[in-house]
Amino acid sequence: DILGLGQAIVDWSASVDFSLLSTFNVPLGGRRVITVEERASVMETLDEIGAPSQVSAGGSLANTLVGVARLARAAGKDLRVALGGSLGTDTLGQYFNSQLRSAGQQQQHPSPEGHTGTVMVLTTPDAQRSFLSFFTSDRLALSERLRSAVRGCRLVVMEGYLWEMEGAEAYMAEVIRIAHAAGAQVAMTAGDPGVVARHREEMLRTIARGVDMVFTNEDEAANLAGLPGPAALASSPTASEEELEEAGERAALALAELCPVAVVTAGSKGSYVCAMGEIHAVPPYWLPQGPVDTCGAGDAYMAGFTYAMMAGYDARTAGEFASRVASAVIGRYGPHLSDEDAEDL
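Let me sum up the structure you'll find in this document.

### As for the pairing of strand E9 (residues 185–189)
Of all five residues in E9, four are buried; the element is thus mostly enclosed. Of the pairings in the sheet, the one linking strand E8 (residues 155–158) to E9 comprises four bridges and is parallel in character. Among the inter-strand pairings, Val156 is bridged to a residue of E9, identified as Val186. Taken together, E8, helix H6 (residues 168–181) and E9 constitute a β-α-β crossover, and its handedness is right-handed. Examined bridge by bridge, E9 and strand E10 (residues 213–217) share three bridges and lie parallel to one another. If you follow Met188 over to E10, its bridge partner there is Val214. Note that the unit made of E9, helix H7 (residues 193–208) and E10 has a crossover that is right-handed.

### Here's the deal with the side chain of Ser133
Among the structural elements, Ser133 can be located in strand E7 (residues 129–134). With near-sequence residues (within four places) excluded, Ser133 lies in contact with Arg31, Arg32, Val33, Ile34, Thr118 and Val119.

### Focus: the state of the cysteines
Here the structure, examined in full by the defined rule, presents zero disulfides. No disulfide involves Cys153; its sulfur sits 16 Å from the nearest other cysteine sulfur, which is in Cys259. The thiol sulfur of Cys259 is not disulfide-bonded, and the nearest other cysteine sulfur, from Cys274, lies at 10 Å.

### Thoughts on the pairing of strand E6 (residues 117–123)
Among the seven residues of E6, six are classified as buried, and the element is accordingly described as predominantly covered. Here strand E2 (residues 9–15) pairs with E6 via seven bridges, running parallel. Considered in E6, the bridge of Asp11 is made with Val119. If you look at the hairpin formed by E6 and E7, you'll find five residues sitting between the two strands, and Ala127 has a positive phi there, around 75°.

Definitions and cut-offs
Per-chain numbering applies: the sequence of each chain, read as written, is numbered from 1 onward. Per-residue local features are limited, in this predicted model, to residues with pLDDT of at least 70; the limit for side-chain atom pairs, both in listing and counting, is 80 or more; totals at the level of whole chains, interfaces and linings are taken over all residues. To obtain the side-chain values, all non-hydrogen atoms of the structure were included, while hydrogens and water were left out. Partly exposed residues are those whose accessible area sits between 20% and 50% of the maximum for their type, while under 20% is buried and over 50% is exposed, using a 1.4 Å probe and protein chains only. To qualify as a helix, a DSSP run of H or I must reach at least 4 residues; to qualify as a strand, a run of E must reach at least 2; elements of each kind are numbered from the N terminus. A pair of strands counts as paired when DSSP detects no fewer than two bridges linking them. By convention a crossover is right-handed if, when the strands point away from the viewer, the path from the first strand over the helix to the second runs clockwise. Throughout, a contact is declared for two residues whenever any of their heavy atoms are within 4.5 Å. Cysteine sulfur atoms that pair up within 2.5 Å are treated as a disulfide.

Treat this as a map of the structure, not an account of what it does.
Following this line, the structure appears as structure tokens:
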């Protein structure tokens, strides 16, 4: 029913001291892309020093699909969810596959020559997270197996991080063509503001080809629409509080002119859902204990929204349910919706 196209990522989280950031040549709170050889070296160093570590199947789209699968399973709905994309046959790839199968997702078909993408999340004593990212360098191509999967689903979700891979625009254009010919809808995520900044024109052309739903946060939406986002306004000495407060809504309205359904998350301000010519300002939903770990909030919101829409609910109800799902995830540590929370929701 739902096919996600994105990179399989294994998150390797470790607690480190500040000196290791210099060793790994990554700025505090920053990100650096590394090679597969550097990844091996980092893992070896973390193992040698006995750094407390945790490994989990991650990646933005995988987090979302795990949430959808667990919600469907909890509700007793026969909703088939699968992730197709870049996955290697290395040990990390085998681990990733095993974890997603246990969460209710259908199995990927690994590339025999590939390495699995990895994000090393390094947390220092000040709770700041710094990142070392290894992404597969494969050129994107639609195999016959993936073409068949696109034809057989109801919704295809294309992950924004695919834009960092060679051949992304042609790949997505073909996905849209095949999906629409088979009567399926197409959704796209933005990745992050940096992805939008580097690939804005290609993304806009792809949306114009027939993307039915776009999922972004405020800054990504503003960058796509060519407007100043909250981050830019916050650093501007001339920006007013009113401009900062309304930035997300303005970006959502601008994005709605490009795509039939535009969903923009805005952190503690909630979210904006634009559909059928209307904009719905959806307030956040707070659990009594408040947020514990905001990692994966946007992924969880998209899981709730996608599940609700596939179950037949209207756009505003989907947004309200998505807020509850996001709140459940940030009320615990880790980016995945738990089975227990899925049952409650």
